[in-house]
Every structure is written in C-alpha cells, then in structure tokens.
Protein chains: 2
Amino acid sequence: MPKPTGEAESKRAKASAERRALILEAAVRCFLEKGYHQTGVRDIAKQAGISLGNLYNHFPGKHDVLVEIATLERVEMTPFLEALVRPAPAGEVLGGFLRAYGHYLAQPENVLLAIEITSEALRKPDIGERFIANRFEIVAALEAVLRRGIEEGEFRAVPDPHQMAHLIVEMLDGGAYQSVLSEANMDTLLDAIDDFVFAAIRRH
Amino acid sequence: MPKPTGEAESKRAKASAERRALILEAAVRCFLEKGYHQTGVRDIAKQAGISLGNLYNHFPGKHDVLVEIATLERVEMTPFLEALVRPAPAGEVLGGFLRAYGHYLAQPENVLLAIEITSEALRKPDIGERFIANRFEIVAALEAVLRRGIEEGEFRAVPDPHQMAHLIVEMLDGGAYQSVLSEANMDTLLDAIDDFVFAAIRRH
DNA sequence: AAACTATGAACGATCGTTCGTTCAATATGG
DNA sequence: CCATATTGAACGAACGATCGTTCATAGTTT
C-alpha cells in the first residue's frame, strides 16, 4: 500500500481537528471569563490542557483563534434562518423568531462573546467582515418575512423593511446586553419587544 | 502668610485641573484610535505631552482614567435630558429627542467611546455602575415622556413604558453602531427609527 | 524652606511569538 | 513485510517587546 491516504492519514487529521476544536472551546471559555485582550495565549493553552508551543502548531496566532470563533458563530444562526423561511403566516413566523432568537441571546455567554467579537471587529477588518456577514444573513431573512407580510396584507406598508429588520435585531441585541449588565428580566423584555414590534407593523 | 489658600493655592489647583483635562482628552484620543486595552499609559502621556511619571501625579492609574471618562459622559447627556422635560406635546418632544440623540450618536467617536466603556463595564463593576447610571437617566426621562403622552391621550396605552423606553434607546445605540461598522447612512436609519417608534405608539 | 510638579530610568510581570528538540505516526525503498 | 526516511504533533525554555507602576531626583511655586 504505497498510498493508503484515504483512511490512514485521516487518523492524524481527525486527531488534529479534535485538538483544534478543543483549543477553540478553551479559548471561548477564556474570552468569556476574562475578555479577549485580558486572555493570554498561555491561558488558552492551559485551559485546553496543551502546551504553549503546540497551540501554534494548530493556529497561526491568537488573532486567528478569534477569527475562527467569529466564523463558527455563523453556524449558530442557521436554526433561526431556517425558522424565518418557514411557510407560515408572516406574523406567526416573526413572533416565533422574536422568542427563539431572544431566548438564544438571553444566555449571557452568547451576549458576552458577541460583545468581545463586536469590540474587536471595530479595529480588525477580517473580524468585522465576518460579523457583518453573520448579521446580514439574519437581517436579510427577517426583511424577507416583513416584505411577505406586507404583500399578503398582514402588515402595514412599512417604508423601509430592510431598516426595520435591522432595528428589530438591534433591539433584541441591545436588550440582551442590558439584561446581562443590569440583570433585567429577559422574559419581561421579550414581551415588550413583541408588543413593540407588532404594534409597529400592525395595519391601521 | 501661613495659609494663603484662598487664591494662591487655587493657581496651582487650576493648573493641575487643566493638566487633568489635558490627560483625559489625550486618553480619549488614544482609546478611540487603538482601544482601551491596546493603549499604553505611555501612549496617553505622550499624546498629552507630559512625562510618564507625571501622569501618576494626576491619576492613580490607567483604570481611573477610564472611570473619569465614563463619569464625564454623564455631562454630555444633560442636553438630551433637558430636552425631554420640555413642556410640549409628548410626540413633539419624543421626535425631537430621536433626532437630537441620533445625531449625537451619528458621530463615530461617540459610538467608539461608548463601546470601549461598554466592553470594560462588563468586568469592572465601578465602570459598569456609572454606565448603567447614565443609561438609566436617559431611559427614565424617556419613560416619563411616554407616560405623559399616554395620559394626555396622544399615545396608545403601551403595556410597559419603561421597557419601551429602554428599547428605543437600544435601537438608537445599536443603529449607531451598525452605521459605524458597516458605514450605513445614519439619516436613513433615523427616518426608519422615527417611523418605527411612532407606528408603535400610535393609537389604534 | 516647604510643598508641589515634573521627569525618565528602573522594576518585575506578562505579552505574543519563535525556537530547538523529542517522539510517535506515516510514507517510501527494498 | 520490514527497515528507514519524513512528517507533523507536542513540549517548554527563551526572546524581545511592552505592560502598569514605582521611585529617586531635579526643578518650580508659594
């Protein structure tokens, strides 16, 4: 067997992939606990249970670890994206999204991680691009629901559905952040968001 | 003259106060350009045109510089707070606030600084308290306007005016952040916010 | 002279990264 | 199929830079 690459090599490759995942999980834990800039590469290695040098065998550097995390955030959005294309009355889809996404954001870890990425995105273009891309997908799907609701006569003719979609997401995000910082009740907040949004799109 | 404190001392005190202000301005510039954690104390001193050691004559440390900046942010809120207690129809007051506060936030420096403080507020309680306090004042004033509008029959009976005030502020904040990151048009965004809010509070 | 302001060298700690090395898994030549 | 290069994972010491802070010293005001 001169070239058993189909399966033999995949043994190492798989182990390597597992290590990468291990490092990423460790990094997330560190970033959540201490913040990105307060976390040292040694912290990540120690948390992952590997050596400092070995981390650099799997990632070019600290920055790239965060980039990968920001990229993986995209995967977490898929359930919400799928829920938004559900063939049901637009109002129902929208209401479901508000609750589902709101509950996702209600987990403090998601908020904290988002803030770390958000903050770094301002000065690191590659992270900013990924962040905007993730955000854009959600907004676009939400916008489509709004447009459908308008076409089907369920919602009023909002002047700018795209902007409204943006604002809804930002309301959810901002609310989640406030609920973390000031320990507000996220359920109460979700009720308020629901009322706010539906009052704004209700036909006269 | 054993104690010429009445006027003589105030000369030095004034000079010292000016130095403090100089340092704070320099720090703001640095934090805006590089971010809080990426800014070194030497950077601030150099930007202020003073020596490294002298900075420590005016501030106990780097952290305290940010605390002071977060505190001073409160002053910037007073115009908006005053505008919100204006004795005019609630809808007019609200609309004026949305534009004024929106334009304030449209300046990228205000957004960037807010994010630096926001981010640090998560893990530094004293900064968090100040941030929440500033936010609370705006929200409370806005809530009062909403309640007045409801009482006077101008707005619909929103179930939770406090939460709605929160959400409005978060929409403004989030929108401003997006306008910085993705270079969206803030004017377009403000129009959307205006429409969104007034549609949500309009009576049936 | 006493009190305050200003200076920059110096400190210990920690930063992100690189380095030489070891070692087991894999590919290749016989 | 075995012996042998080759590869890449794993390690932790070491590097130079920079971090926030302190300190001894000199200059300036009152």
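None of these values were measured; they are calculated from a predicted model. (Residues numbered from 1 in each chain as written. Chains lettered and ligands numbered in written order. Predicted model: local features only at pLDDT ≥ 70, side-chain atom pairs only at ≥ 80, totals over all residues. Heavy atoms only, no water.)

Regarding the relation of the copies chain B and chain A
Note the cut-off: Alignment of the copies relies on least squares applied to C-alpha atoms, considering only residues that score at least 70 for pLDDT in both.
Of the two same-sequence chains, chain B is brought onto chain A (RMSD 0.1 Å, axial shift 0.0 Å) by a rotation of 180 degrees. Such values leave the two copies arranged in the relation of a two-fold axis. In terms of proximity to the rotation axis, the leading residue of chain B is alanine 200 of chain B, whose C-alpha is 2.0 Å off the axis.

Here we look at the side chain of asparagine 134 of chain B
All names here are of chain B. This is how the line gets drawn: For the purposes of this entry, the term helix denotes a DSSP run of H or I that reaches at least four residues, the term strand denotes a run of E that reaches at least two, and both are numbered from the N terminus. Note on classification: 1.4 Å probe, protein chains only; a residue is buried when its accessible area is under 20% of the maximum for its type, exposed when over 50%, partly exposed between these limits. By definition, residues are in contact when any of their heavy atoms lie within 4.5 Å.
Along the chain, asparagine 134 turns up in helix H7 (residues 125–151). Here asparagine 134 falls in the buried class, since its relative accessible area comes to 12%. Contacts of asparagine 134, omitting those with residues within four sequence positions, involve Ala70, Glu73 and Arg74.

Some words on the protein's contact with DNA strand D
Condition: The cutoff for a nearby residue is simple: one of its non-hydrogen atoms must lie within 4 Å of the molecule or strand. Any N or O atom pair separated by 3.5 Å or less is treated as a polar contact, with the protein-specific requirement of one donor-capable and one acceptor-capable atom, and with residues adjacent in sequence counted only for side-chain atom pairs. Charged residues are taken to be Asp, Glu, Lys and Arg, nonpolar residues to be Ala, Val, Leu, Ile, Met, Phe, Trp, Tyr, Cys and Pro, and polar residues to be all remaining types, Gly included.
Near DNA strand D you find 23 residues, and of these Arg19, Asn57 and His58 of chain A together with Arg42 and Lys62 of chain B are the closest. The protein-proximal atoms of DNA strand D, defined as those within 4 Å of the protein, are 53% sugar or phosphate. The separation between a phosphate oxygen of DNA strand D and a polar main-chain atom of threonine 39 of chain B is 3.3 Å. Measuring from a phosphate oxygen of DNA strand D, one finds a side-chain N or O atom of tyrosine 56 of chain B at 2.9 Å. Among the elements of the structure, helix H1 (8–34) and helix H3 (52–58) of chain A together with helix H1 (8–34), helix H2 (41–48) and helix H3 (52–58) of chain B are those that each provide at least two residues to the surface near DNA strand D. The greatest single-element share of the surface near DNA strand D, amounting to 5 residues, is contributed by H3 of chain A. Grouping the amino acids of the surface near DNA strand D by side-chain chemistry returns 7 nonpolar, 9 polar and 7 charged.

As for the pattern of salt bridges
How we decide: By salt bridge we mean one thing: a side-chain nitrogen of Lys or Arg within 4 Å of a carboxyl oxygen of Asp or Glu.
Per the counting criterion, the structure on display carries 24 salt bridges over all chains. With a shortest N-O distance of 2.1 Å, arginine 123 of chain A and glutamate 116 of chain B are connected by a salt bridge. Here glutamate 116 of chain B lies in helix H6 (residues 108–121) and arginine 123 of chain A lies in the loop between helix H6 (108–121) and helix H7 (125–151), a pairing that spans two chains. A residue is classified by how much of its surface remains accessible, and arginine 123 of chain A, at 24% relative accessible area, is partly exposed. Each of the salt bridges in this network shares a partner with another, and the network as a whole consists of Arg99, Asp191 and Asp194 of chain A.

With respect to helix H4 (residues 62–84) of chain A
Applicable threshold: To estimate the expected span of a helix, subtract one from its residue number and multiply by 1.5 Å.
Over its 23 residues, H4 of chain A runs 35 Å from end to end, which matches the ideal 33 Å to within 8%, given 1.5 Å per residue. Those residues of H4 of chain A that fall on the buried side of the exposure criterion are Val65, Leu66, Val67, Ile69, Ala70, Glu73, Met77, Phe80, Leu81 and Leu84 of chain A.

Description of the packing of aromatic side chains
What counts is decided by this rule: Working definition: rings of Phe, Tyr and Trp (its six-membered ring) pair if their centres are within 6.5 Å, and the pair is stacked with planes under 30 degrees apart, edge-to-face with planes over 60 apart, and tilted otherwise. By the criterion adopted, a ring carries a charge over it if an Arg CZ or a Lys NZ lies within 6 Å of its centre and within 35 degrees of its normal.
In total, this model carries 13 aromatic pairs over all chains according to the counting rule given. Relative to tyrosine 36 of chain A, the ring of phenylalanine 31 of chain A lies with its centre 5.1 Å away and its plane at 75 degrees, an arrangement referred to as edge-to-face. Taking relative accessible area as the criterion, phenylalanine 31 of chain A reaches 0% and is therefore assigned buried. Judged by its relative accessible area of 4%, tyrosine 36 of chain A is buried. Every member of this aromatic cluster is reached through a ring pair, and the members are Phe80, Phe97, Tyr101 and Tyr104 of chain A. Sitting above the plane of the tyrosine 36 of chain B ring, lysine 62 of chain B keeps its charged end 4.4 Å from the centroid.

A word on the domain arrangement of chain A
How big an interface is tends to be stated in terms of accessible area lost as the parts join. All names here are of chain A. Put simply, the rule is: Reported domain spans reflect what an automatic or database domain assignment gives. The quantity reported as buried area is the accessible area (1.4 Å probe) lost by two parts once they are put together, taken as the sum for both.
You can read the domains of chain A as domain 1 (1–59) and domain 2 (62–201). Just the C-alpha atoms count here: the centres of domain 1 and domain 2 sit 30 Å apart. Domain 1 puts 12 residues into the contact, and the matching count from domain 2 is 13 residues. Summing both partners gives a buried area of about 1,300 Å² for domain 1 against domain 2, and 72% of it is carried by carbon and sulfur. Summed over the three residues of domain 1 that lose the most area to domain 2, namely Leu24, Leu32 and Tyr36, the buried surface amounts to 46% of that side. Applying the counting criterion to the domain 1 and domain 2 interface returns 1 salt bridge. A salt bridge links glutamate 68 to arginine 20, with the nearest nitrogen and oxygen atoms 2.8 Å apart. Applying the counting rule to domain 1 against domain 2 returns 5 residue pairs in polar contact (both at pLDDT 80 or more). A total of 6 residues in the side of domain 1 that touches domain 2 trace back to one element, the largest contributor, which is H1. Classifying every residue of the side of domain 1 that touches domain 2 by side-chain character gives 8 nonpolar, 3 polar and 1 charged.

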